[in-house]
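Examining the three-dimensional arrangement
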Amino acid sequence: MTARRFFFRRLFTGAALATAIASAGLGSAAVQAQTATASTGSKVSTDLAQLLPMTSQPAVPWAFWSSDKATLYVRVIVVSSADDAQLADMRRAVLAGGGSVNYVFASVRAMMAMVPAQLVPQLAARADVQSIVPNRQAARTASLLERATGTADVRAQPALAGVDGRGVGVAILDSGVDFRHRHMLAGDNTTRVRAAADIVAMLARYGANGWAVGQDYTAQMTAFLQYTGSGKQGSDITFFTPAADTPDLYGHGTHVASMAVGRGNYQAPDSNGIAPAARIYDVRVLNDKGIGSIASVLAGIDWVLSRSRLENIRVMNLSLASNSTESFLLDPLARAARTAVASGIVVVAAAGNGGKDAAGRERYGTVGSPGIEPSVITVGAVNNLGTALGGDDIIAGFSSRGPTRGSLGTGSARWVDNLLKPDLVAPGNRVLGAVGATKGKAAPTGNRLATNYGELMRNARSQGATQAKLSELMQLSGTSVAAPVVAGAAALLLQVNPGLTPGLVKAILQYTAQPLAGANLLQQGAGQLNVEGAVRLARALRTDIAPALAAGALRAGDPLLAAGAVLPVPMTTIDGQTFGWSRLVTAGGGHLLSGDALFTAFQPIYDPSLTWVRQVALRNTITFRPAASGVPANTVPLNGNERNAGSQPLLTAGVHWVTPLAGANSAALGGGYFAPTARLSQQAAAGQGTVLGRGFALAEGFVLAEGLPVAQQRLLASGFVLAEGFVLAEGFVLAEGLTFGSGFVLAEGFVLAEGFVLAEGFVLAESLANPLAPVDRPLLGE
């Protein structure tokens, strides 16, 4: 204990020195795109305008290069206001410009043509032209989620048409999942919900028994939660089989599940989730008012952990948050999530909905637990503004901002985590998803959310949803909606490359993310989810990484690329819009990394048993149940044992350390954690930053980086530290601890004001008033 106390004291010494903020302008591609947009004006659709300066092969079916690579052709629809129904003059102009006319429509005054890209501005300048759009595909309409995240672009490629999460188990820890809803069915109309563990009912049964003083219920609880190899899902099968008449009385979990794994292409509007063929594991940890407890969630995590390897449950979604004030080092939910990650499960958590206070001011430091855990993928929410194009997206006002503010110790010995969160963002505003209901009844019967807020289903109906029984849809908003979108993406990555570790999944999702303009690191992390790029990068890597690591056959610096593979071009086209990847990965709690070496050579930070935050490095060792009853050894995890990690490398040579480019923390100047992600992304793409000659290593309890200047060594040690309780700027407030005021936000600026404390199970304000309340605190669907 003495040694550990000394260890932490060393962490608090020294100020966080920073380098000057490096300047960065728009890259040449961005400048060209702006010029093209300005020259063609508003008549040309955004996706077409952004393609015009393209110099490489476009990833859209309506554009192609001539055989001699000299001319880029586009297939377009030109809508006209001309009096001539045959558009004779316009047709002559197209032919004279080197294009061809395919057809002049009768139902609308427009023509279909193939034209050289450079002719588009000339056509747009004509007085008789109203608009020019590309001849986009009109096959099955992908859902907004699929289109906005690039998932539709993945499945449009013949070689990737089957990337749908097939074979991967996704655990949804929430208020339940309506296994009868059409979203949850397979192609043969059987449910994909493989198990339904009702943790709430299980705990209620013991509560009815009075929790008699002097009794030890460990054996009974173990019988329910841990797989014993008997072939049953627990001592009482009724708690673990999809059979309830009302499986999701609150209505939150079914919608959340549909974001990740819903199969919603049976009607227009298409509401497909990201991994519509994945296996679903319904773990009910929130009650009929959307409230759970740390105990219920911990029990749910235990249940998943015990069965993860037997059932191939590779992803766990937690669209909930606790108002923890503890450091991730001590917080029980964070530690449980860390153990799940150490066992190989990708854990995805909602950042929370505390982005604004009651006065509408932006609040920093409001990420809840388990999103405070560094190994978890913490997800904020984006408002897509109803389009699939990422260029106009904004961070949702309700989405919680970092840094994490958990702490331990007091006075001069106080440690504040200050982790850089969220890790990335995903669509989370007014997103269509499934509505659970009572068996044999039409929604909203058996769904408290949809019953109390009829607008949710009415909004879906206004978008064209038929609302037939077992097929009903509703809209919801919140980071609880965004998190499962990322969970579904994780399932796709694990389908195409089952050898990925959780740390690699997180790094791939961050590196390929789309940086949003005008948002900083604490608002968006690395940027918006980009499934198309992530799938391509995952496919380029070896498929034996996790098994080789577990067998001790993978060392720092060993090759990560698959035989004959090369890293993909770090650009993606989604719905006709092309953008560069963020090329940023967070590590060490608050450091930014970049460079090809992150994916060409194995980095020890991808080891799921290792946790590194500034100068702290922990090792989590999983203990397994001995072989018995036909269950092989090393298949049923029992627990995790965490202790200080020994001396070892953390990063290898060749990795780019981008942290110093962010500068000192300043909300006013946009430095440090407040640096715009897009600017840092441009600098990373230009190769800026410090190239590590020998990497980072953990030696004698401290993280070392040989060859770095003293000032940067101190920066490495301390990370970015924010003053306690400091008001950052007008309208920016740093939250001390967490007092959720927004709860579950139905829609940004819609129906219920952000920052409003909601009753009816959304937020029980009186339960959250005391930050020193017992550990068994309420949890909120976020």
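The structure this text deals with has already been given above.
Residues numbered from 1 in each chain as written. Predicted model: local features only at pLDDT ≥ 70, side-chain atom pairs only at ≥ 80, totals over all residues. Heavy atoms only, no water.

What follows concerns the environment of Asp 357. Summarising the element assignment, Asp 357 is placed in the loop between strand S12 (346-350) and strand S13 (362-364). A distance of 2.8 Å separates the side chain of Asp 357 from the backbone nitrogen of Arg 361, its partner in a polar contact. (Helix = DSSP H or I, 4+ residues; strand = E, 2+ residues; numbered from the N terminus. Polar contact = N/O pair within 3.5 Å; in protein donor to acceptor, adjacent residues only side chain to side chain.)

Turning next to the sheet that holds strand S25 (residues 610-613). Sheet architecture is open: 3 strands sit in the order S25-S26-S27, paired in antiparallel fashion. Either end of the sheet is taken by a strand with one partner, and the two such strands are S25 and strand S27 (637-644). On average, adjacent strands in this sheet sit at an angle of 20° to one another, irrespective of strand direction. For strand S26 (residues 616-624) and S27, the ladder comprises 7 bridges, and the chain directions are antiparallel. Its bridge partner lying in S27, Thr 623 is registered against Asn 639. Packing against the sheet, helix H12 (residues 332-342) makes contact with S25, S26 and S27, and its axis sits at approximately 65° to S26. (Pairing = 2+ DSSP bridges. Axes fitted to C-alpha atoms, helices over the stretch in contact; angles between N-to-C directions. Contact = heavy atoms within 4.5 Å.)

In this section: the packing of aromatic side chains. Counted by the stated rule, this structure contains 7 aromatic pairs. Aromatic pair Phe 602 and Tyr 606: ring centres 6.3 Å apart, planes at 65°, arrangement edge-to-face. Look at Phe 602 and you get buried, because its relative accessible area is 3%. Centroid distance Trp 612 to Phe 696: 5.9 Å. Interplanar angle 85°. Geometry classified as edge-to-face. Taken together, the residues Trp 612 in strand S25 and Phe 696 in strand S31 (residues 696-699) connect sequence positions 84 residues apart. Each member of the pair, Trp 612 as well as Phe 696, carries the same accessibility label: buried. One aromatic cluster is present, formed by Tyr 511, Trp 581 and Phe 599 through successive ring pairs. Lying over the aromatic face of Trp 415, Arg 614 brings its terminal NZ or CZ to 4.3 Å of the ring centre. (Phe/Tyr/Trp six-rings, centres within 6.5 Å; stacked < 30°, edge-to-face > 60°. Buried < 20%, exposed > 50% of the residue type's maximum accessible area, 1.4 Å probe, protein only. Lys NZ or Arg CZ within 6 Å of the ring centre and 35° of its normal.)

Time to look at the pattern of salt bridges. What the rule picks out here adds up to 16 salt bridges. Residue Arg 92 is joined to Asp 89 by a salt bridge in which the shortest nitrogen-to-oxygen separation is 3.6 Å. In this pair, Arg 92 and Asp 89 are both assigned in helix H4 (residues 88-96), 3 residues apart and thus about one turn of the helix distant. Taking the relative accessible area as the measure of exposure, Asp 89 reaches 43% and is therefore partly exposed. In this structure, Asp 423 and Lys 421 form a salt bridge, with 2.9 Å as the shortest nitrogen-oxygen distance. (Salt bridge = Lys/Arg side-chain N within 4 Å of Asp/Glu carboxyl O.)

With 7 of its 9 residues buried, helix H18 (residues 531-539) lies for the most part within the structure. Within H18 the residues assigned to the buried category are Val 531, Glu 532, Gly 533, Ala 534, Val 535, Leu 537 and Ala 538. Between a side-chain oxygen at the N-terminus of H18 and the backbone nitrogen of Glu 532 the separation is 3.3 Å; the capping residue is Asn 530.

A word on the pairing of strand S10 (residues 313-318). The element S10 is largely enclosed, with a buried count of 6 among its 6 residues. In this sheet, S10 lies alongside strand S6 (residues 169-174) in parallel orientation, the contact comprising 5 bridges. Across the sheet, residue Val 170 finds its bridge partner in S10, namely Val 315. Direction of pairing for S10 relative to S12: parallel, over a ladder of 4 bridges. Each bridged residue has a counterpart across the sheet, and for Leu 318 the counterpart in S12 is Ala 349.

The next subject is unusual backbone geometry. Residue Pro 370 is reached from Ser 369 by a cis peptide bond, and omega for that bond is 15°. Within the fold, Pro 370 resides in the loop between S13 and strand S14 (377-383). Cis geometry marks the peptide bond from Ala 443 to Pro 444; its omega dihedral reads 20°. Tracing the chain through its elements places Pro 444 in the loop between strand S19 (431-434) and helix H13 (448-452). Of note, Leu 87 is a non-glycine position whose phi angle comes to about 55°, a positive value. Tracing the chain through its elements places Leu 87 in the loop between strand S2 (72-80) and H4. Exposure remark for Leu 87: the relative accessible area of 3% places this residue in the buried category. For Asn 418, which is not glycine, the phi dihedral falls at a positive 50°. Along the chain, the position of Asn 418 falls in the loop between strand S17 (415-416) and strand S18 (424-427).

On to the packing of helix H15 (residues 479-496) against helix H16 (residues 502-511). Here H15 crosses H16 at 110°, and the two axes come no closer than 11 Å. For the element pair H15 / H16, the angle class is roughly perpendicular. In the packing of H15 onto H16, the handedness of the crossing is right-handed. For the pair formed by H15 and H16, the contact residues are Val 486, Ala 489, Ala 490, Leu 493 and Leu 494 on the first element and Val 505, Ile 508 and Leu 509 on the second. Tallied by class, the residues present in the contact of H15 with H16 amount to 8 nonpolar, no polar and no charged. (Parallel < 35°, antiparallel > 145°, perpendicular 65-115°, else oblique. Left-handed = near helix turned anticlockwise from the far one by under 90°. Nonpolar A, V, L, I, M, F, W, Y, C, P; charged D, E, K, R; others polar.)

Another aspect to go through is H16. Of all 10 residues making up H16, 9 are buried, and the element is well covered by its neighbours. Among the residues making up H16, those that are buried are Pro 502, Leu 504, Val 505, Lys 506, Ala 507, Ile 508, Leu 509, Gln 510 and Tyr 511.

Most of S14 is tucked away, with 7 of its 7 residues classed as buried. Of the two faces of S14, the one lined by Ile 377, Val 379, Ala 381 and Asn 383 and the one lined by Thr 378, Gly 380 and Val 382 are each fully buried. Alignment of S12 against S14, held across 3 bridges, turns out to be parallel. Pairing of Val 348 across the sheet is with Ile 377, part of S14.

Of all hydrophobic cores here, the largest spans 98 residues; its most connected members are Leu 509 and Phe 599. By residue number, the principal contributor to this core is H15, which donates 12 residues. Sequence-distant contacts of Leu 509, defined by excluding residues within four places in its chain, comprise Ile 377, Leu 424, Val 486, Ala 489, Leu 493, Leu 529 and Ala 534. Ranked by size, the runner-up nonpolar core spans 33 residues in total, among them Ala 171, Leu 173, Trp 303 and Leu 333. (Core = buried A, V, L, I, M, F, W, Y, C linked by side-chain atoms within 4.5 Å.)

In this section: the sheet that holds strand S23 (residues 585-587). If you trace the 4 strands from one edge of the open sheet to the other, you get S23-S24-S29-S30, paired in antiparallel fashion. The strands lining the two open edges of the sheet, one partner per strand, are S23 and strand S30 (690-691). With 2 bridges joining them, strand S29 (residues 656-657) and S30 adopt antiparallel strand pairing. Residue pairing across strands places His 656 opposite Val 691, the latter belonging to S30.

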